[in-house]
Amino acid sequence: MSRVAIVGGGIGGLTAALLLSRQGQEVVIYERADRVGGRVAFEEEGPYRIDQGPTIVLLPEMLNGILEEGGLPPGSLELLRCDPLCRIHFRSGRVLTKVAGLEEQAAEIEREFPGEGSGFLRFMDDMAGLFPRGKASFLEQPFPRWREFFSPANLRLMSRLRAYRSLRSAVGSYFRSEELRDAFSLQSLYIGGAPFRTPGIYTMLPYAESAFGIWMLKGGYGQLPRILSRELLSRGVEIHTGTEVESLHVEDGRCTGIVAGGVRHSYDAVLYNGEFPLLEQLLPAELFAGAAPVKRNSVKGTLKRSRYQPSSGCVLIYAGTDRRWPEAETHQFFLPDSLNDNLRELFDRGRISQLPSYYVFNPAAVDDSAAPPGESVLYFLIPVPADPELDWDTLAGSLAERVLEDAEQRGFPGLKSSLVWKKLRTPADAHKEGLYGGGSFGIAPVLSQLGVFRPQPKPYPIKGLYAAGASVHPGGGVPIVMQGARMAVHELMKEMN
C-alpha cells in the first residue's frame, strides 16, 4: 500500500482519491478552501440554491463509468435528461430548439432553416464513426512523448476531425447559415474557448450533445463533491480543508512529500489538482532552467518554465425570482446579431460587448425541487475577458443590467420585477479564489495547448508527481476532468507497481 497526497480537492482530486482508495491506497487530501469541489459548488441565499460553476452534464456514460470504477454503485447520481436539449435565441428572432433524435432534429432545423436539415444529418453521420476513435485516441490516452501524439494513425484521425481548422470553420462545411454555424460551434464556450480559435477536433462537443443528450444532476452539479466526499470519508480518506500546501519536496528526482503549515509530510506520491500553471511555484526553484542545480534534487535535465494562455472569464448572475416561466427550457442561449463578431471583440480585443452573448440555466424547468414552489433560481453566464485587473465593481453591474433587460424582452417576461435575490461573480472573484488569470475554465483550448502541448497527467520527469484538473490533458468539463484524473491514477499505479 502506498501513501498518496492529493493537493487540491476539486473534482479531479476527489475522483483520483475515489479511484486510489478503491485500489487500497492510503489517501490524504489537502484543500486550501473551506470546502472541497473547486469550481463545482453552490451559491446559496435563504431558500435559493444554484450551481456556482458547471451546469451542463455531457457524456453521462463516461461520468458514471468512472464513478463505478471508483466503487460507487450504479444510480449514485440521479441524472435528469433535458429534452428539448436546449434552446438558442438568435437576434433575428429565429429560435432553434435542439431536440433528441436525429430525424426530429433535422426536421426542426428544416422548419427554421429550409434546406439545412440534411447538413445536420451529414455532420452526425460523419462524426458517428469519428467520435469513438477520437475519444479513444485523444480523451483516453496520455501523451508522454511527441511521437505518441503524432503517430501516423493519430495524424490521419486529426485530419479527418479537421484539427487544422477552427471549430467554427469545421462546422461551416455542413451549414450555409451563419446562425447554424453559431449554434453548432458555441460549445467551445463550455470550456472557455472561442469557436474561431478552438481546433476542429472539438467538433466532438456538438456531436456529443446531439448523440448522447444534455443532462443535469438532480439538485445541481454542486451535489457531486458532496457525494464523493461522503464516500471518501466512509473509506477513511482524510480530507483537510482550510489547509494550504506551501511546497512539494523533491529529492533524487522523486517527489517525496509536501509542506503544509510549515510542517513536512512524507508520501510515496503526490497528485496535484490545483491550477496547473501554479504548480511551478510549489517546486524547488533549482529544478528549472537558469537556476543553480542542487545535486540531491537531480532530475533528468532541467525543467522549462511555461507560460499559458488562460481561458475566457465570465460574469455570472445568480438570481432567485418569485415566479416561473413554464415556456422556458433548462438550458438557453441568447445570441447577438453576430456571435462571431461579438466573440472577436472579446477574444481578440479584450473588450466587453454592449450586448453580449449569454447562457441561462433554469433548473426548475426539469427539476421541480430546484426552487421553492412557484419560484425560480436562474444562472446567467456572460463570457468576458479573463482580466482580473479591470474595474469589475463598475463594469459588472451595468453589464448585468443590460443582460437582464435583454433576457426579459427575449425569453423571461417580467424578469426584473420578479427578482428577490441577485448576486454577481466576476473574473476578479475568480482570480481571488485562485483561478488562473481570472479565467473560469483553466488554460484555453487552443492548438498550442492541445494534446501533447497540454500539461500531461505525469507532467514532469519527476517520479511520484502527477496532475489532474481542467488545465491538464485531456481538458475541461467535469467528465473530461474526471477522465484526466483516471489517467493520472493509472500512471501512478503503473509507476508504483
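Each remark here, short or long, concerns the structure printed above.
Procedures and definitions
Residues numbered from 1 in each chain as written. Predicted model: local features only at pLDDT ≥ 70, side-chain atom pairs only at ≥ 80, totals over all residues. Heavy atoms only, no water. Pairing = 2+ DSSP bridges. Helix = DSSP H or I, 4+ residues; strand = E, 2+ residues; numbered from the N terminus. Axes fitted to C-alpha atoms, helices over the stretch in contact; angles between N-to-C directions. Contact = heavy atoms within 4.5 Å. Parallel < 35°, antiparallel > 145°, perpendicular 65-115°, else oblique. Left-handed = near helix turned anticlockwise from the far one by under 90°. Nonpolar A, V, L, I, M, F, W, Y, C, P; charged D, E, K, R; others polar. Buried < 20%, exposed > 50% of the residue type's maximum accessible area, 1.4 Å probe, protein only. Expected span 1.5 Å × (residues − 1). Arc of directions from axis to C-beta. Salt bridge = Lys/Arg side-chain N within 4 Å of Asp/Glu carboxyl O. Patch = residues over 30% accessible without salt bridge, like charges linked within 9 Å, V, L, I, M, F, W, Y side chains within 5 Å. Areas by Shrake-Rupley, 256 points an atom, 1.4 Å probe, with all protein chains shown as cover. Core = buried A, V, L, I, M, F, W, Y, C linked by side-chain atoms within 4.5 Å. Phe/Tyr/Trp six-rings, centres within 6.5 Å; stacked < 30°, edge-to-face > 60°. Polar contact = N/O pair within 3.5 Å; in protein donor to acceptor, adjacent residues only side chain to side chain.

Colleague: Lay out the sheet that holds strand S1 (residues 3–7) in plain terms, naming residues and giving numbers.
Modeller: Within a sheet, adjacent strands bond to each other through the backbone by hydrogen bonds, running parallel or antiparallel. Taking strand neighbours across the sheet as the criterion, the five strands line up as S9-S2-S1-S13-S19 in an open arrangement whose pairing is parallel. Every other strand in the sheet has two partners, leaving strand S9 (238–240) and strand S19 (465–467) as the edge strands with one partner each. Put simply, the sheet's adjacent strands are angled 20° from each other on average, direction ignored. Direction of pairing for strand S2 (residues 26–30) relative to S9: parallel, over a ladder of three bridges. Residue pairing across strands places Ile29 opposite Ile239, the latter belonging to S9. Contacts from helix H15 (residues 478–496) reach S1, strand S13 (269–272) and S19, with the element oriented near 165° to S19.

Colleague: A description of the packing of helix H1 (residues 11–22) against H15 should follow, citing residues and the corresponding values.
Modeller: It is the contact of H1 with H15, at a shortest axis distance of 8 Å, that shows an interaxial angle of 45°. Regarding the angle of H1 to H15, the classification is oblique. When you trace H1 past H15, the crossing you get is right-handed. Residues Ile11, Gly12, Thr15, Ala16, Leu19 and Leu20 of H1 form the contact with H15, whose own contacting residues are Val478, Val481, Met482, Ala485, Arg486, Val489, Leu492 and Met493. Its residues assigned to classes, the contact of H1 with H15 comprises eleven nonpolar, two polar and one charged.

Colleague: Can you lay out the pairing of strand S14 (residues 313–321) for me, pointing to particular residues and giving the numbers?
Modeller: Among the nine residues of S14, nine are classified as buried, and the element is accordingly described as predominantly covered. Neither face of S14 is open: one carries Gly313, Val315, Ile317, Ala319 and Thr321, the other Cys314, Leu316, Tyr318 and Gly320, and all of them are buried. Where S14 meets strand S17 (residues 376–384), nine bridges bridge the pair, whose relative direction is antiparallel. Along S17, the bridge assignment pairs Ile317 with Phe380.

Colleague: Tell me about helix H12 (residues 392–410), and please be specific about residues and values.
Modeller: With 19 residues, H12 extends 26 Å between its outermost C-alpha atoms, agreeing within 8% with the 27 Å of an ideal straight helix rising 1.5 Å per residue. Regarding H12, the residues found buried are Trp392, Ala396, Leu399, Ala400, Val403, Leu404, Asp406, Ala407 and Arg410. Axial view of H12: buried residues confined to an arc of 165°, hence all on one face. For H12, exposure combined with an orientation more than 90 degrees from the buried face picks out Thr394 and Gln409.

Colleague: Account for the pattern of salt bridges, naming residues and giving values.
Modeller: Evaluation of the coordinates by the stated rule reveals 29 salt bridges. Across the pair Glu69 and Arg486 runs a salt bridge whose closest N-O atoms are separated by 2.6 Å. Of this pair, Glu69 sits in helix H2 (residues 60–69) while Arg486 sits in helix H15, and the two are 417 residues apart along the sequence. Judged by relative accessible area, which is 31%, Glu69 ranks as partly exposed. In the salt-bridge network here, residues are joined through shared partners; they are Arg168, Glu178, Arg181 and Asp182.

Colleague: Explain the environment of Val270 residue by residue, including any values.
Modeller: Considering the arrangement of structural elements, one finds Val270 in strand S13. C-alpha separation for the pair Val270 and Leu77, spaced 193 residues apart in sequence, amounts to 28 Å. Contacts of Val270, omitting those with residues within four sequence positions, involve Ala5, Val7, Leu248, Cys255, Gly257, Ile258, Gly464, Leu465 and Tyr466.

Colleague: Give a description of a nonpolar patch on the surface that names residues and reports values.
Modeller: A cluster of nonpolar residues, Trp146, Phe150, Leu155 and Phe453, forms a patch on the protein surface that exposes about 400 Å² of accessible area. Positionally, Trp146 belongs in helix H5 (residues 146–149). Take Trp146: its relative accessible area is 55%, and that puts it in the exposed class.

Colleague: Give a detailed account of the nonpolar core, specifying residues and quantitative values.
Modeller: Counting 110 residues, the largest nonpolar core has Ile6, Leu67, Phe184, Leu224 and Phe333 as its most contacted members. Counting residues in each nonpolar core, the second largest holds 27 residues, with Val7, Phe288, Ile462 and Val472 among its members.

Colleague: Lay out the sheet that holds S17 with the relevant residues and their values.
Modeller: Pairing is mixed in the open sheet, where seven strands are placed in the order S7-S6-S15-S16-S17-S14-S18. Only two strands of the sheet have a single neighbouring strand rather than two, namely strand S7 (95–98) and strand S18 (419–425). Pairwise comparison of adjacent strand axes, ignoring direction, gives a mean angle of 15° for this sheet.

Colleague: So what's going on with the packing of aromatic side chains? Residues and values would help.
Modeller: Across all of its chains, the model carries 28 aromatic pairs by this definition. Seen from their ring centres, Tyr48 and Trp421 are 6.2 Å apart, and the 5° between their planes marks the pair as stacked. Here the residue Tyr48 occupies a position in strand S4 (residues 48–51), and Trp421 occupies one in strand S18, the gap between them amounting to 373 residues. Accessibility assignment for this pair places Tyr48 and Trp421 in one class, buried. With a centroid separation of 6.1 Å and 85° between ring planes, the pair formed by Phe276 and Tyr308 is classed as edge-to-face. With Phe276 in the loop between S13 and S14 and Tyr308 in the loop between S13 and S14, the pair connects residues that are 32 residues apart, well separated along the chain. On the basis of relative accessibility, which here comes to 16%, the residue Tyr308 falls in the buried class. Put simply, the rings of Phe138, Phe143, Trp146, Phe149, Phe150 and Phe453 touch in pairs and so form one group of aromatic residues.

Colleague: Could you give me a rundown of the environment of Glu69, with the residues and numbers involved?
Modeller: Distance from Glu69 to Ala16, taken between C-alpha atoms, is 11 Å for residues 53 residues apart in sequence. Not counting residues up to four positions away in its chain, the partners in contact with Glu69 are Leu19, Arg22, Arg486 and His490. A distance of 3.2 Å separates polar atoms of two side chains, one belonging to Glu69 and the other to His490.

Functional significance is not addressed by these values, which are geometric in nature.
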